[in-house]
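# Structural features, examined
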Amino acid sequence: MAAIETLGELRRSGYRSRPVKQEVRDNLVCKLRSGEPLFPGIIGFDETVIPQLVNAVLSRHNFILLGLRGQAKSRILRGLVDLLDEQIPVVPGCEIHDDPLAPLCASCRARVAREGDRLPIGWLRRDERYVEKLATPDVTIADMVGDIDPIKAAQAGLNLSDELTMHYGLLPRANRGIFAINELPDLAGKIQVGLFNILQEGDVQIKGYPIRLRLDVMLVFTANPEDYTARGKIITPLKDRIGSEIRTHYPVTRTNAMAITKQEAWTERTGAMKVDIPAYVREVVEEVAFQARTDRKIDKRSGVSQRLPITTLELVVSNAERRALASGETLVVPRVTDVYAALPSITGKFELEYEGELRGAEQIARDLIRSAVGSVFTGLFDGVDTRTVVEWFDLGGSLPLSDGSSADEVIAQTRGVQGLRELAERAGGGPGAAGPAVASAIDFVLEGLYAQKKISRNEDRGYSAAEAAPRRGARREEVTLDEDIRVPSGKKKYYN
(Lines give C-alpha, C1' and ligand atoms only; values in the text may rest on other atoms or scores of the structure.)
Protein backbone atom coordinates (compact mmCIF):
# COMPACT_ATOMS: atom_id res chain seq x y z
CA MET A 1 0.00 0.00 0.00
CA ALA A 2 2.88 2.40 0.69
CA ALA A 3 3.59 2.46 -3.07
CA ILE A 4 0.33 4.35 -3.61
CA GLU A 5 1.09 8.04 -4.07
CA THR A 6 -2.17 9.69 -5.23
CA LEU A 7 -5.81 9.68 -4.24
CA GLY A 8 -6.77 8.15 -7.58
CA GLU A 9 -4.46 5.18 -7.04
CA LEU A 10 -5.85 4.77 -3.52
CA ARG A 11 -9.42 4.62 -4.83
CA ARG A 12 -8.55 2.14 -7.57
CA SER A 13 -6.78 -0.13 -5.05
CA GLY A 14 -10.06 -0.78 -3.27
CA TYR A 15 -8.78 0.50 0.06
CA ARG A 16 -11.46 1.08 2.69
CA SER A 17 -10.86 2.97 5.93
CA ARG A 18 -11.90 1.37 9.21
CA PRO A 19 -12.77 3.07 12.51
CA VAL A 20 -9.75 2.87 14.79
CA LYS A 21 -11.55 0.72 17.37
CA GLN A 22 -12.54 -1.75 14.64
CA GLU A 23 -8.99 -1.70 13.32
CA VAL A 24 -7.59 -2.50 16.79
CA ARG A 25 -10.20 -5.23 17.25
CA ASP A 26 -9.43 -6.86 13.88
CA ASN A 27 -5.69 -6.90 14.54
CA LEU A 28 -6.26 -8.32 18.03
CA VAL A 29 -8.39 -11.10 16.54
CA CYS A 30 -5.54 -11.96 14.15
CA LYS A 31 -3.05 -12.09 17.03
CA LEU A 32 -5.34 -14.31 19.10
CA ARG A 33 -5.79 -16.73 16.21
CA SER A 34 -2.06 -16.92 15.52
CA GLY A 35 -1.10 -17.23 19.19
CA GLU A 36 1.20 -14.21 19.13
CA PRO A 37 2.08 -12.56 22.45
CA LEU A 38 -0.29 -9.67 22.99
CA PHE A 39 1.67 -7.40 25.32
CA PRO A 40 5.38 -8.33 25.36
CA GLY A 41 7.10 -7.27 28.55
CA ILE A 42 3.94 -7.37 30.69
CA ILE A 43 4.54 -10.11 33.28
CA GLY A 44 2.11 -11.58 35.79
CA PHE A 45 -1.14 -10.31 34.23
CA ASP A 46 -1.87 -13.28 31.97
CA GLU A 47 -4.73 -14.62 34.11
CA THR A 48 -6.07 -11.34 35.48
CA VAL A 49 -5.58 -8.04 33.64
CA ILE A 50 -4.90 -9.23 30.07
CA PRO A 51 -8.18 -11.18 29.66
CA GLN A 52 -10.20 -8.15 30.83
CA LEU A 53 -8.20 -5.92 28.49
CA VAL A 54 -8.83 -8.26 25.55
CA ASN A 55 -12.55 -8.27 26.30
CA ALA A 56 -12.63 -4.47 26.36
CA VAL A 57 -10.87 -4.21 22.99
CA LEU A 58 -13.11 -6.88 21.44
CA SER A 59 -16.09 -4.87 22.68
CA ARG A 60 -14.63 -1.69 21.12
CA HIS A 61 -14.70 0.05 24.50
CA ASN A 62 -12.91 3.10 25.76
CA PHE A 63 -11.38 1.90 29.03
CA ILE A 64 -9.52 2.98 32.15
CA LEU A 65 -6.77 1.17 34.06
CA LEU A 66 -7.05 1.60 37.82
CA GLY A 67 -4.07 0.72 39.98
CA LEU A 68 -1.44 1.90 42.41
CA ARG A 69 1.87 3.32 41.28
CA GLY A 70 4.31 1.02 39.53
CA GLN A 71 1.77 -1.45 38.14
CA ALA A 72 2.63 -1.11 34.42
CA LYS A 73 -0.47 0.94 33.53
CA SER A 74 1.30 3.30 31.12
CA ARG A 75 3.26 0.44 29.57
CA ILE A 76 0.06 -1.43 28.80
CA LEU A 77 -1.42 1.60 27.06
CA ARG A 78 1.71 2.06 24.97
CA GLY A 79 1.50 -1.59 24.02
CA LEU A 80 -1.80 -0.87 22.26
CA VAL A 81 0.23 0.68 19.44
CA ASP A 82 1.10 -2.83 18.24
CA LEU A 83 -2.59 -3.42 17.52
CA LEU A 84 -2.72 -0.59 14.96
CA ASP A 85 -2.03 -1.04 11.25
CA GLU A 86 1.56 -0.41 10.22
CA GLN A 87 0.54 2.56 8.04
CA ILE A 88 -2.60 4.42 7.06
CA PRO A 89 -3.15 6.97 4.24
CA VAL A 90 -3.58 10.62 5.24
CA VAL A 91 -3.89 13.99 3.58
CA PRO A 92 -0.32 15.34 3.75
CA GLY A 93 0.11 18.36 6.00
CA CYS A 94 -3.25 17.94 7.74
CA GLU A 95 -3.06 18.57 11.49
CA ILE A 96 -5.73 15.98 12.31
CA HIS A 97 -4.52 13.25 9.92
CA ASP A 98 -7.59 13.40 7.71
CA ASP A 99 -8.67 10.37 5.73
CA PRO A 100 -8.29 11.24 2.00
CA LEU A 101 -11.44 9.27 1.23
CA ALA A 102 -13.55 11.13 3.87
CA PRO A 103 -11.87 14.36 5.01
CA LEU A 104 -13.22 16.20 8.06
CA CYS A 105 -11.63 19.64 8.09
CA ALA A 106 -12.55 22.41 5.64
CA SER A 107 -9.06 22.81 4.20
CA CYS A 108 -8.76 19.11 3.33
CA ARG A 109 -12.21 19.04 1.77
CA ALA A 110 -11.20 22.03 -0.34
CA ARG A 111 -7.97 20.30 -1.43
CA VAL A 112 -9.79 17.13 -2.42
CA ALA A 113 -12.35 19.13 -4.41
CA ARG A 114 -9.62 21.17 -6.09
CA GLU A 115 -7.05 18.46 -6.90
CA GLY A 116 -9.27 15.39 -7.18
CA ASP A 117 -7.45 12.16 -8.00
CA ARG A 118 -4.18 14.06 -8.35
CA LEU A 119 -4.09 14.78 -4.63
CA PRO A 120 -0.84 13.35 -3.19
CA ILE A 121 -1.18 10.81 -0.40
CA GLY A 122 0.91 10.65 2.78
CA TRP A 123 1.37 7.58 4.98
CA LEU A 124 1.23 7.72 8.80
CA ARG A 125 3.14 5.13 10.86
CA ARG A 126 1.50 3.38 13.80
CA ASP A 127 3.82 4.97 16.39
CA GLU A 128 2.74 8.43 15.18
CA ARG A 129 -0.88 7.60 15.90
CA TYR A 130 -0.44 7.31 19.66
CA VAL A 131 -0.85 10.55 21.66
CA GLU A 132 -0.28 10.60 25.42
CA LYS A 133 -1.06 13.38 27.85
CA LEU A 134 -0.24 13.55 31.55
CA ALA A 135 -3.20 15.20 33.24
CA THR A 136 -2.30 18.19 35.40
CA PRO A 137 -4.55 20.77 37.07
CA ASP A 138 -3.35 23.53 34.73
CA VAL A 139 -4.56 21.79 31.54
CA THR A 140 -7.15 23.91 29.75
CA ILE A 141 -9.97 23.00 27.38
CA ALA A 142 -8.01 24.75 24.64
CA ASP A 143 -5.08 22.37 25.25
CA MET A 144 -7.33 19.35 24.99
CA VAL A 145 -9.85 20.34 22.29
CA GLY A 146 -8.72 23.58 20.63
CA ASP A 147 -9.40 27.30 20.34
CA ILE A 148 -9.59 30.22 17.91
CA ASP A 149 -6.23 31.28 16.46
CA PRO A 150 -6.33 35.07 15.84
CA ILE A 151 -2.85 35.06 14.30
CA LYS A 152 -3.91 32.50 11.70
CA ALA A 153 -6.99 34.60 10.92
CA ALA A 154 -4.93 37.78 10.55
CA GLN A 155 -2.28 36.19 8.31
CA ALA A 156 -4.85 34.62 6.02
CA GLY A 157 -7.20 37.59 6.09
CA LEU A 158 -10.05 35.47 7.45
CA ASN A 159 -12.94 36.33 9.71
CA LEU A 160 -12.72 34.90 13.24
CA SER A 161 -15.93 32.99 12.58
CA ASP A 162 -14.31 31.10 9.70
CA GLU A 163 -13.70 27.41 10.31
CA LEU A 164 -10.16 27.74 8.98
CA THR A 165 -9.14 29.89 11.98
CA MET A 166 -9.45 26.97 14.42
CA HIS A 167 -6.36 25.78 16.28
CA TYR A 168 -6.69 22.09 17.11
CA GLY A 169 -5.87 20.70 20.54
CA LEU A 170 -4.38 17.32 21.45
CA LEU A 171 -7.63 15.41 21.07
CA PRO A 172 -8.32 16.36 17.41
CA ARG A 173 -4.63 15.80 16.64
CA ALA A 174 -5.07 12.22 17.85
CA ASN A 175 -7.74 11.64 15.20
CA ARG A 176 -7.57 8.13 13.69
CA GLY A 177 -5.38 6.99 16.56
CA ILE A 178 -5.22 6.30 20.31
CA PHE A 179 -5.40 9.12 22.84
CA ALA A 180 -4.17 8.22 26.34
CA ILE A 181 -4.65 10.39 29.43
CA ASN A 182 -2.51 9.45 32.43
CA GLU A 183 -3.68 10.23 35.99
CA LEU A 184 -7.20 11.21 34.95
CA PRO A 185 -8.30 12.41 38.44
CA ASP A 186 -5.76 15.25 38.20
CA LEU A 187 -7.70 16.70 35.27
CA ALA A 188 -9.95 19.57 36.38
CA GLY A 189 -13.66 18.73 36.51
CA LYS A 190 -14.63 21.23 33.81
CA ILE A 191 -12.03 19.68 31.47
CA GLN A 192 -13.43 16.22 32.15
CA VAL A 193 -16.83 17.57 31.09
CA GLY A 194 -15.25 18.45 27.75
CA LEU A 195 -14.66 14.73 27.13
CA PHE A 196 -18.36 13.82 27.36
CA ASN A 197 -19.19 14.24 23.69
CA ILE A 198 -16.14 12.46 22.33
CA LEU A 199 -16.85 9.47 24.58
CA GLN A 200 -20.58 9.28 23.93
CA GLU A 201 -21.16 10.79 20.48
CA GLY A 202 -17.68 10.66 18.98
CA ASP A 203 -17.49 14.37 18.15
CA VAL A 204 -16.13 17.61 19.59
CA GLN A 205 -17.00 21.28 19.17
CA ILE A 206 -14.31 23.94 19.34
CA LYS A 207 -14.98 27.33 20.97
CA GLY A 208 -18.62 27.62 19.99
CA TYR A 209 -18.14 26.94 16.28
CA PRO A 210 -21.33 25.47 14.79
CA ILE A 211 -19.19 22.81 13.08
CA ARG A 212 -18.72 19.53 14.90
CA LEU A 213 -15.76 17.30 14.13
CA ARG A 214 -16.68 13.62 13.95
CA LEU A 215 -13.38 12.37 15.27
CA ASP A 216 -12.31 8.75 15.08
CA VAL A 217 -10.28 8.14 18.22
CA MET A 218 -9.88 5.47 20.89
CA LEU A 219 -9.72 6.98 24.38
CA VAL A 220 -7.87 5.18 27.17
CA PHE A 221 -7.09 6.39 30.68
CA THR A 222 -5.09 5.52 33.79
CA ALA A 223 -5.82 6.49 37.38
CA ASN A 224 -4.63 5.75 40.88
CA PRO A 225 -7.58 4.95 43.20
CA GLU A 226 -5.81 6.78 46.02
CA ASP A 227 -5.82 9.99 43.95
CA TYR A 228 -9.62 10.10 44.02
CA THR A 229 -9.39 11.79 47.41
CA ALA A 230 -5.76 12.89 47.53
CA ARG A 231 -5.70 15.21 44.52
CA GLY A 232 -8.98 15.01 42.66
CA LYS A 233 -11.62 12.62 41.38
CA ILE A 234 -13.20 11.32 38.22
CA ILE A 235 -16.60 12.94 37.87
CA THR A 236 -19.47 10.48 37.85
CA PRO A 237 -20.87 11.27 34.36
CA LEU A 238 -17.43 10.67 32.85
CA LYS A 239 -17.02 7.34 34.65
CA ASP A 240 -20.42 6.35 33.34
CA ARG A 241 -19.27 6.93 29.76
CA ILE A 242 -16.08 4.83 30.07
CA GLY A 243 -16.80 1.37 28.75
CA SER A 244 -14.58 -0.80 30.96
CA GLU A 245 -12.78 -0.30 34.27
CA ILE A 246 -9.82 -2.67 34.63
CA ARG A 247 -7.91 -3.13 37.89
CA THR A 248 -4.18 -3.78 37.88
CA HIS A 249 -2.12 -5.24 40.72
CA TYR A 250 1.40 -5.92 41.93
CA PRO A 251 3.14 -9.23 41.09
CA VAL A 252 1.55 -12.06 43.03
CA THR A 253 4.57 -14.38 43.11
CA ARG A 254 8.21 -13.69 43.77
CA THR A 255 9.09 -15.46 40.52
CA ASN A 256 7.07 -13.01 38.43
CA ALA A 257 8.46 -10.08 40.37
CA MET A 258 12.03 -11.28 39.78
CA ALA A 259 11.31 -11.62 36.06
CA ILE A 260 10.04 -8.02 35.92
CA THR A 261 13.06 -6.68 37.81
CA LYS A 262 15.47 -8.65 35.63
CA GLN A 263 13.79 -7.22 32.54
CA GLU A 264 13.80 -3.61 33.73
CA ALA A 265 16.93 -3.19 35.89
CA TRP A 266 20.18 -2.04 34.31
CA THR A 267 22.64 -4.62 35.56
CA GLU A 268 24.74 -5.39 32.49
CA ARG A 269 27.54 -2.88 32.95
CA THR A 270 29.92 -1.81 30.20
CA GLY A 271 33.62 -2.54 30.32
CA ALA A 272 35.75 -5.59 30.95
CA MET A 273 34.05 -6.50 34.25
CA LYS A 274 31.42 -9.23 34.20
CA VAL A 275 28.38 -9.10 36.50
CA ASP A 276 27.01 -12.32 37.99
CA ILE A 277 24.03 -11.84 40.32
CA PRO A 278 23.27 -14.85 42.54
CA ALA A 279 19.66 -16.00 42.67
CA TYR A 280 19.41 -15.45 46.43
CA VAL A 281 20.42 -11.80 46.03
CA ARG A 282 17.66 -11.30 43.47
CA GLU A 283 15.20 -13.01 45.82
CA VAL A 284 16.19 -10.85 48.78
CA VAL A 285 15.81 -7.66 46.74
CA GLU A 286 12.35 -8.75 45.59
CA GLU A 287 11.32 -9.91 49.03
CA VAL A 288 12.01 -6.42 50.40
CA ALA A 289 9.10 -5.12 48.29
CA PHE A 290 6.84 -7.99 49.38
CA GLN A 291 7.66 -7.34 53.04
CA ALA A 292 6.99 -3.62 52.58
CA ARG A 293 3.56 -4.26 51.06
CA THR A 294 2.46 -6.18 54.15
CA ASP A 295 4.19 -4.10 56.85
CA ARG A 296 1.64 -2.29 59.03
CA LYS A 297 3.99 0.67 59.45
CA ILE A 298 3.79 1.40 55.71
CA ASP A 299 0.75 2.98 54.06
CA LYS A 300 -0.88 0.25 51.95
CA ARG A 301 -3.20 2.73 50.21
CA SER A 302 -0.22 4.46 48.64
CA GLY A 303 1.34 1.17 47.58
CA VAL A 304 4.94 0.09 47.15
CA SER A 305 5.98 0.50 43.54
CA GLN A 306 7.66 -2.23 41.53
CA ARG A 307 10.31 0.39 40.89
CA LEU A 308 11.63 -0.29 44.40
CA PRO A 309 13.29 -3.64 43.59
CA ILE A 310 14.36 -2.35 40.16
CA THR A 311 16.33 0.62 41.50
CA THR A 312 17.49 -1.37 44.54
CA LEU A 313 19.05 -4.08 42.39
CA GLU A 314 20.84 -1.43 40.32
CA LEU A 315 22.38 0.08 43.45
CA VAL A 316 23.28 -3.38 44.77
CA VAL A 317 25.21 -4.08 41.57
CA SER A 318 26.84 -0.66 41.73
CA ASN A 319 28.04 -1.24 45.30
CA ALA A 320 29.49 -4.61 44.30
CA GLU A 321 31.10 -2.96 41.28
CA ARG A 322 32.69 -0.32 43.51
CA ARG A 323 34.10 -3.02 45.79
CA ALA A 324 35.43 -5.02 42.83
CA LEU A 325 37.16 -1.95 41.39
CA ALA A 326 38.80 -1.16 44.73
CA SER A 327 39.92 -4.80 45.16
CA GLY A 328 41.13 -5.29 41.60
CA GLU A 329 38.59 -8.05 40.88
CA THR A 330 37.26 -8.63 37.37
CA LEU A 331 34.10 -10.51 38.39
CA VAL A 332 31.33 -8.50 40.08
CA VAL A 333 29.21 -10.68 42.38
CA PRO A 334 26.77 -8.76 44.60
CA ARG A 335 26.29 -9.81 48.23
CA VAL A 336 23.31 -9.60 50.53
CA THR A 337 25.07 -6.92 52.59
CA ASP A 338 25.13 -4.76 49.45
CA VAL A 339 21.36 -4.41 49.84
CA TYR A 340 21.97 -2.22 52.89
CA ALA A 341 23.98 0.11 50.64
CA ALA A 342 20.84 0.50 48.51
CA LEU A 343 18.86 2.26 51.25
CA PRO A 344 18.58 5.48 49.17
CA SER A 345 16.52 3.59 46.59
CA ILE A 346 14.22 2.08 49.24
CA THR A 347 13.36 4.90 51.63
CA GLY A 348 11.78 7.08 48.95
CA LYS A 349 9.54 4.37 47.54
CA PHE A 350 7.00 4.09 50.36
CA GLU A 351 4.83 6.30 52.56
CA LEU A 352 4.83 5.68 56.31
CA GLU A 353 2.00 5.46 58.78
CA TYR A 354 2.27 7.29 62.11
CA GLU A 355 4.07 4.40 63.81
CA GLY A 356 6.53 4.22 60.95
CA GLU A 357 7.20 7.95 61.11
CA LEU A 358 8.24 7.55 64.73
CA ARG A 359 10.83 4.91 63.83
CA GLY A 360 12.08 6.67 60.69
CA ALA A 361 12.25 5.57 57.06
CA GLU A 362 15.85 4.33 57.23
CA GLN A 363 15.23 2.11 60.25
CA ILE A 364 12.07 0.73 58.64
CA ALA A 365 14.07 -0.06 55.49
CA ARG A 366 16.74 -1.87 57.53
CA ASP A 367 14.06 -3.93 59.27
CA LEU A 368 12.54 -4.80 55.88
CA ILE A 369 15.90 -5.98 54.54
CA ARG A 370 16.53 -8.13 57.60
CA SER A 371 13.06 -9.68 57.34
CA ALA A 372 13.58 -10.32 53.62
CA VAL A 373 16.93 -12.02 54.23
CA GLY A 374 15.37 -14.17 56.95
CA SER A 375 12.52 -15.24 54.66
CA VAL A 376 14.81 -16.21 51.77
CA PHE A 377 17.35 -17.90 54.05
CA THR A 378 14.66 -19.95 55.77
CA GLY A 379 13.32 -21.12 52.42
CA LEU A 380 16.74 -22.24 51.21
CA PHE A 381 18.08 -23.69 54.47
CA ASP A 382 14.89 -25.16 55.91
CA GLY A 383 15.82 -28.25 57.91
CA VAL A 384 19.60 -27.66 57.55
CA ASP A 385 21.64 -27.86 60.76
CA THR A 386 23.46 -24.56 61.39
CA ARG A 387 24.43 -25.19 65.02
CA THR A 388 28.11 -25.77 64.23
CA VAL A 389 28.53 -22.25 62.90
CA VAL A 390 26.47 -20.70 65.69
CA GLU A 391 28.51 -22.53 68.35
CA TRP A 392 31.74 -21.17 66.87
CA PHE A 393 30.46 -17.65 67.56
CA ASP A 394 29.08 -18.63 70.99
CA LEU A 395 32.57 -19.80 71.98
CA GLY A 396 33.91 -16.28 71.40
CA GLY A 397 34.58 -16.22 67.66
CA SER A 398 34.08 -13.01 65.69
CA LEU A 399 34.46 -11.92 62.06
CA PRO A 400 35.37 -8.27 61.41
CA LEU A 401 33.81 -8.15 57.95
CA SER A 402 32.00 -5.39 56.09
CA ASP A 403 30.48 -4.86 52.65
CA GLY A 404 33.85 -3.44 51.55
CA SER A 405 35.86 -6.58 52.37
CA SER A 406 37.34 -8.19 49.27
CA ALA A 407 36.52 -11.77 48.31
CA ASP A 408 39.96 -12.98 49.40
CA GLU A 409 39.57 -11.33 52.80
CA VAL A 410 36.16 -12.91 53.36
CA ILE A 411 37.39 -16.38 52.40
CA ALA A 412 40.58 -16.09 54.48
CA GLN A 413 38.90 -14.80 57.63
CA THR A 414 36.11 -17.38 57.55
CA ARG A 415 38.32 -20.38 56.82
CA GLY A 416 38.43 -21.35 60.50
CA VAL A 417 34.66 -21.26 61.03
CA GLN A 418 33.57 -24.87 61.18
CA GLY A 419 30.64 -25.75 58.95
CA LEU A 420 30.43 -22.33 57.28
CA ARG A 421 31.94 -23.39 53.97
CA GLU A 422 29.56 -26.36 53.75
CA LEU A 423 26.57 -24.07 54.21
CA ALA A 424 27.98 -21.71 51.59
CA GLU A 425 28.19 -24.58 49.11
CA ARG A 426 24.45 -25.09 49.49
CA ALA A 427 23.93 -21.45 48.49
CA GLY A 428 26.09 -21.74 45.38
CA GLY A 429 29.65 -21.38 46.63
CA GLY A 430 30.67 -24.96 45.91
CA PRO A 431 33.93 -26.36 44.48
CA GLY A 432 34.92 -24.63 41.27
CA ALA A 433 33.08 -21.42 42.09
CA ALA A 434 34.99 -18.17 41.66
CA GLY A 435 36.25 -16.35 44.74
CA PRO A 436 33.70 -13.51 44.60
CA ALA A 437 30.87 -16.06 44.28
CA VAL A 438 32.15 -18.01 47.30
CA ALA A 439 32.46 -14.80 49.32
CA SER A 440 28.90 -13.84 48.37
CA ALA A 441 27.58 -17.25 49.47
CA ILE A 442 29.43 -16.97 52.80
CA ASP A 443 28.03 -13.48 53.28
CA PHE A 444 24.52 -14.79 52.62
CA VAL A 445 24.86 -17.51 55.27
CA LEU A 446 26.15 -15.03 57.86
CA GLU A 447 23.41 -12.52 57.07
CA GLY A 448 20.81 -15.29 57.23
CA LEU A 449 21.95 -16.35 60.69
CA TYR A 450 21.94 -12.71 61.74
CA ALA A 451 18.40 -12.29 60.38
CA GLN A 452 17.32 -15.31 62.43
CA LYS A 453 18.97 -13.72 65.50
CA LYS A 454 21.32 -16.65 65.95
CA ILE A 455 24.34 -14.36 65.71
CA SER A 456 24.71 -10.60 65.95
CA ARG A 457 26.27 -8.05 63.65
CA ASN A 458 27.75 -4.66 64.33
CA GLU A 459 28.72 -2.19 61.65
CA ASP A 460 32.13 -1.73 63.31
CA ARG A 461 32.99 -5.16 64.77
CA GLY A 462 31.37 -7.41 62.14
CA TYR A 463 29.74 -10.70 63.18
CA SER A 464 29.81 -12.10 66.70
CA ALA A 465 27.75 -14.21 69.07
CA ALA A 466 24.11 -13.34 69.55
CA GLU A 467 23.49 -10.93 72.36
CA ALA A 468 21.96 -12.61 75.37
CA ALA A 469 18.44 -11.56 76.16
CA PRO A 470 18.24 -9.49 79.32
CA ARG A 471 17.21 -11.59 82.29
CA ARG A 472 13.90 -10.69 83.75
CA GLY A 473 14.58 -10.03 87.40
CA ALA A 474 12.06 -10.01 90.17
CA ARG A 475 9.67 -7.14 89.92
CA ARG A 476 10.77 -4.34 92.16
CA GLU A 477 8.31 -3.75 94.90
CA GLU A 478 7.19 -0.17 94.77
CA VAL A 479 5.50 1.73 97.51
CA THR A 480 2.09 2.61 96.23
CA LEU A 481 -0.06 5.51 97.13
CA ASP A 482 -2.44 3.18 98.87
CA GLU A 483 0.20 2.24 101.43
CA ASP A 484 0.63 5.86 102.43
CA ILE A 485 -3.06 6.48 102.88
CA ARG A 486 -4.68 4.61 105.72
CA VAL A 487 -8.33 3.96 105.04
CA PRO A 488 -10.68 2.24 107.44
CA SER A 489 -11.44 -1.33 106.41
CA GLY A 490 -14.57 -1.84 104.35
CA LYS A 491 -14.72 1.71 103.06
CA LYS A 492 -14.11 2.86 99.50
CA LYS A 493 -11.07 4.95 98.62
CA TYR A 494 -11.59 8.22 96.82
CA TYR A 495 -8.86 10.27 95.20
CA ASN A 496 -9.23 13.91 94.39
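The preceding data block contains the structure.
So, here's what we can say about the structure. (Residues numbered from 1 in each chain as written. Predicted model: local features only at pLDDT ≥ 70, side-chain atom pairs only at ≥ 80, totals over all residues. Heavy atoms only, no water.)

## Examining the pairing of strand β7 (residues 177–182)
Looking down a regular strand, the side chains alternate between one sheet face and the other. When you tally the buried positions in β7, you get 6 out of 6 residues, the bulk of the element. Relative to strand β10 (residues 217–223), β7 runs parallel, the two sharing 5 bridges. Across the sheet, residue I178 finds its bridge partner in β10, namely M218. (Buried < 20%, exposed > 50% of the residue type's maximum accessible area, 1.4 Å probe, protein only. Helix = DSSP H or I, 4+ residues; strand = E, 2+ residues; numbered from the N terminus. Pairing = 2+ DSSP bridges.)

## What to know about the layout of surface pockets
Counted as a void, the largest pocket has a volume near 580 Å³. Put simply, the parts of the chain that give the lining of the largest pocket at least two residues each are α4 (73–79), α13 (254–264) and α15 (307–327). Per-element tally for the lining of the largest pocket: the top contributor is α4, with 4 residues. Its residues placed into classes, the lining of the largest pocket shows 8 nonpolar, 12 polar and 7 charged. (1 Å grid on protein atoms, 1.4 Å probe; cavity = no way out; pocket = protein on both sides within 12 Å on 5 of 7 lines; lining within 4 Å. Points joined across faces, edges and corners; volume = space filled by probe spheres on them. Nonpolar A, V, L, I, M, F, W, Y, C, P; charged D, E, K, R; others polar.)

## Concerning the packing of α13 against helix α14 (residues 279–294)
Angle between the axes and distance between the axes are the two parameters that describe a pair of packed helices. For the pair α13 and α14, interaxial distance at closest approach is 10 Å and the crossing angle is 105°. One way to sum up the angle between α13 and α14 is to call them roughly perpendicular. Each of R254, A257, M258, T261 and K262 in α13 lies in contact with α14, whose residues at this interface are A279, R282, E283, E286, E287 and F290. Grouping the amino acids of the contact of α13 with α14 by side-chain chemistry returns 4 nonpolar, 1 polar and 6 charged. (Axes fitted to C-alpha atoms, helices over the stretch in contact; angles between N-to-C directions. Parallel < 35°, antiparallel > 145°, perpendicular 65-115°, else oblique. Contact = heavy atoms within 4.5 Å.)

## A word on the pattern of salt bridges
A full pass over the atoms with the stated rule returns 22 salt bridges. A salt bridge links E115 to R111; the shortest N-O distance between them is 3.5 Å. Taken as a pair, E115 and R111 lie in helix α5 (residues 106–115) at a separation of 4 residues, close to a single helical turn. The salt bridge partner of R125 is E128, with a shortest N-O separation of 3.6 Å. Using a relative accessible area of 41% as the deciding quantity, one classes R125 as partly exposed. For E128, a relative accessible area of 34% corresponds to the partly exposed category. Within the structure, one salt-bridge network assembled from shared partners comprises R18, D26 and D85. (Salt bridge = Lys/Arg side-chain N within 4 Å of Asp/Glu carboxyl O.)

## What to know about the nonpolar core
Core analysis: the biggest nonpolar cluster contains 63 residues, and Y280, I298, F350, I369, F444 and L446 have the highest contact counts within it. For this core, the secondary structure elements donating two or more residues are α14, α15, α16 (343–346), α18 (361–380), α19 (387–394), α20 (407–413), α21 (420–427) and α22 (435–451). Looking at this core, the element that brings in the most residues is α22, giving 10 residues. If you look at the next biggest cluster of nonpolar residues, it comprises 37 residues, including C105, V145, Y168 and I191. (Core = buried A, V, L, I, M, F, W, Y, C linked by side-chain atoms within 4.5 Å.)

Structural measurements only, silent on function.
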